[in-house]
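Architecture and fold: a report
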Amino acid sequence: MSAVKGELLNEQKQEIKEAFTLFDMNNDGCLDYHELKVALKALGFDMSKRQVLDIIHEFDTDGRNLINYDDFYRYVGEKILQRDPLDEIKRAFKLFDDDNTGKISLRNLRRVAKELGENLSDDELRAMIDEFDLDDDGEINEQEFINICVEN
């Protein structure tokens, strides 16, 4: 595979490194099938067993059925650069909408703020929703969320 085309953001580079490090359970500098599968999933790539085995086969040079960090970085970097930004926004929306209502409620936003360690009052969270709630239903729907994310 060629060098990563385009340019990854520093946050994306860090995310790749953290996923590799976190799931390299035996700290051998390589990922086996199981480690690779969960590392890919953590980065948003839910792949079948066959796909994961194909990735390992593509990069395995010594018959150990492992992928090293450099190859992992190149592979995942390409996959990240090929992502459709709109699909990424929709995926992020689903992280907020954990109750699958199609909307981000005050409860959803409170949960995410708490998970991120943000100590925001309900009034502050409500103000955030009100700012972007175009249809005045008290919640953020997917289109309103997309508007927030693509606003310049």
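Above this text sits the structure in question.
Here goes a summary of the coordinates provided. (Residues numbered from 1 in each chain as written. Predicted model: local features only at pLDDT ≥ 70, side-chain atom pairs only at ≥ 80, totals over all residues. Heavy atoms only, no water.)

1. Some details on the packing of helix α5 (residues 85-96) against helix α8 (residues 142-150)
- The interhelical angle for the contact between α5 and α8, taken along N-to-C directions, is 120 degrees, at an axis separation of 10 Å. It follows from the interaxial angle that α5 and α8 lie oblique. Judged by the twist between their axes, the crossing of α5 over α8 is right-handed. Two secondary-structure elements touch here, α5 through Leu86, Ile89, Lys90, Ala92, Phe93 and Phe96 and α8 through Glu142, Phe145, Ile146, Cys149 and Val150.
- A breakdown of the residues in the contact of α5 with α8 according to their chemical character gives nine nonpolar, no polar and two charged. (Axes fitted to C-alpha atoms, helices over the stretch in contact; angles between N-to-C directions. Helix = DSSP H or I, 4+ residues; strand = E, 2+ residues; numbered from the N terminus. Parallel < 35°, antiparallel > 145°, perpendicular 65-115°, else oblique. Left-handed = near helix turned anticlockwise from the far one by under 90°. Contact = heavy atoms within 4.5 Å. Nonpolar A, V, L, I, M, F, W, Y, C, P; charged D, E, K, R; others polar.)

2. Regarding the packing of aromatic side chains
- Throughout the structure, instances matching the rule amount to six aromatic pairs.
- Residues Phe20 and Tyr69 carry aromatic rings whose centres are separated by 5.1 Å and whose planes lie at 80 degrees to one another, so their mutual orientation is edge-to-face. Note that Phe20 is positioned in helix α1 (residues 10-23) and Tyr69 in helix α4 (residues 69-82), a separation of 49 residues in sequence.
- The buried category is assigned to Phe20, whose relative accessible area is 5%.
- Ring-pair connections join several aromatic residues into one group, and the members of that group are Phe20, Tyr69, Phe72 and Tyr73.
- The lysine or arginine in question, Lys17, covers the ring of Tyr69, its NZ or CZ lying 5.2 Å from the ring centre. (Phe/Tyr/Trp six-rings, centres within 6.5 Å; stacked < 30°, edge-to-face > 60°. Buried < 20%, exposed > 50% of the residue type's maximum accessible area, 1.4 Å probe, protein only. Lys NZ or Arg CZ within 6 Å of the ring centre and 35° of its normal.)

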